[in-house]
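Take a look at the letters that make up each chain.
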Amino acid sequence: MPPAVNTSPQPPARTAATRLTLTELAAGGEAVGRRDDGMVVFVPGGAPGEQVEVRIEESRKGFARARLLQVLSPSVDRVDPACPLAHPERCGGCPLMHVSRAAQLRAKQAWVQRALRQTGAEVLPILAPTSELGYRVRARLVVHDGRLGFAGARSHRSVAVEACPVMDPLLEDALLGQGRRLAPLLGEGATLEHDEKLAIQKAFHSRTLPSVLMYPSDTRWSDLVAPLLPNLLEIAS
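Reading the values: rules and limits
Residues numbered from 1 in each chain as written. Predicted model: local features only at pLDDT ≥ 70, side-chain atom pairs only at ≥ 80, totals over all residues. Heavy atoms only, no water. Salt bridge = Lys/Arg side-chain N within 4 Å of Asp/Glu carboxyl O. Helix = DSSP H or I, 4+ residues; strand = E, 2+ residues; numbered from the N terminus. Buried < 20%, exposed > 50% of the residue type's maximum accessible area, 1.4 Å probe, protein only. pLDDT = per-residue confidence, 0-100. Contact = heavy atoms within 4.5 Å. Core = buried A, V, L, I, M, F, W, Y, C linked by side-chain atoms within 4.5 Å. Expected span 1.5 Å × (residues − 1). Pairing = 2+ DSSP bridges. Disulfide = S-S within 2.5 Å.

Caption draft 1: Spatial organisation of the pattern of salt bridges. All told, the structure shown has nine salt bridges when counted by the stated rule. Of the charged contacts, one joins Glu-24 and Arg-114 as a salt bridge, the two residues approaching to 3.1 Å between their closest N and O atoms. Residue Glu-24 is located in strand E1 (residues 18–25), and its partner Arg-114 is located in helix H1 (residues 101–115); the two are separated by 90 residues in the primary sequence. Judged by its relative accessible area of 34%, Glu-24 is partly exposed. One salt bridge connects Arg-67 with Glu-57, and the closest N-O pair in it is separated by 2.7 Å. With Arg-67 in strand E5 (residues 63–73) and Glu-57 in strand E4 (residues 51–60), this pair connects stretches of sequence that are ten residues apart. Look at the salt bridges and you will find they share partners, linking Glu-30, Glu-58, Arg-60 and Arg-65 into a network.

The structure is reproduced here in structure tokens:
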């Protein structure tokens, strides 16, 4: 029986900066380059066509991940993200926001073609059915230190947010506007989320108390939450 292969992350053999040419975007939104020895390197925050300086931070069998230190030659597809939190070390929700919409669609087209390459299926050009901003109708936020936030990129930490340009304005008002007032009452680790319905959950030691609210698009969230505030205050006390 062959020995087991250890695929857990290994400390990088060196921490010196490395220069790479990035060639494409991987399905997770990371840019892809290769070292001189052929090792595939994933670089969050990079864009195809760029010359970059990186530092390897995680090495596995067959590939590595690196931190982007400097863009030496920017891609023609690089754009200023609409959100200041769209950064590899901050919010993990929009890993492609630093590249143009056209580049995003080309990348997604390539991902689908790669997934279906052995099926013989014809992949038609991918369309952009929504606007670039204000389209998202699903979201999940976590209360940390009394503030609402999204999960950080490749991390369990929470990144506090005051606004989210990709959220539907009604949802943004509900979760980030009205919900901000409720966050301190829910306590550490509580979640606010919306996916056709709005769920408020709070963990109490060995049990979880859920409260589910329907969120019709024509109803203000505050009108729905207000009747529950006395109960939530009683529960939290």
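Caption draft 2: Geometry of the confidence of the model for the protein chain. In this model, the protein chain carries a mean pLDDT of 76, and residues with pLDDT of at least 70 account for 73%. Confidence drops under pLDDT 50 across residues 1–12; counting only partners more than four residues distant or on other chains, this segment forms twelve contacts. Note that pLDDT drops below 50 for residues 196–222; the model gives that stretch 60 contacts with residues more than four away or on any other chain.

Caption draft 3: Structural context of the nonpolar core. Counting residues in hydrophobic clusters, the biggest one holds 22 residues, and the most contacted among them are Ala-139, Leu-141, Phe-150, Met-167 and Leu-175. Listing elements by their share of this core, those giving two or more residues are strand E6 (139–144), strand E7 (147–151) and helix H2 (169–186). Tallying contributions element by element places H2 first for this core, with six residues. In this structure, Leu-25, Val-52, Val-54 and Leu-96 belong to the second largest nonpolar core, which totals 18 residues.

Caption draft 4: Structural detail: the environment of Gly-38. Position of Gly-38 among the secondary structure elements: in the loop between strand E2 (31–34) and strand E3 (40–43). Accessibility expressed as a relative area gives 34% for Gly-38, which makes it partly exposed. Gly-38 sits 25 residues away from Phe-63 along the chain, and the two C-alpha atoms are 9.3 Å apart.

Caption draft 5: Spatial organisation of the side chain of Gln-109. Along the chain, Gln-109 falls in helix H1. Residue classification places Gln-109 among the buried residues on the basis of a relative accessible area of 14%. If near-sequence neighbours (up to four positions away) are discounted, Gln-109 is found in contact with Val-123, Leu-124, Pro-125 and Ile-126.

Caption draft 6: Just H1, in detail. End to end, H1 covers 21 Å across 15 residues, agreeing with the expected 21 Å (1.5 Å per residue, within 8%). Turning to H1, its buried residues are Ala-103, Gln-104, Ala-107, Gln-109 and Trp-111. Packing partners of the buried residues in H1 comprise E1.

Caption draft 7: Examining the pairing of E3 more closely. Where burial is concerned, the two faces of E3 agree: the one with Val-40 and Phe-42 and the one with Val-41 and Val-43 are both buried. Counting the residues in the hairpin turn of E2 and E3 gives five residues, including Gly-38, whose phi is positive at 90°. The pairing of E3 with E5 spans three bridges and is parallel. Paired with Val-40 across the strands is Phe-63, a residue of E5.

Caption draft 8: Highlighting the state of the cysteines. By the definition in use, this model includes zero disulfides. Considering cysteine sulfurs only, Cys-94 is the nearest to Cys-91, which forms no disulfide, with 6.2 Å between them. Left without a disulfide partner, Cys-164 is nearest to the cysteine sulfur of Cys-94, which lies 6.0 Å away. By relative accessible area, Cys-164 is classed as buried at 8%.

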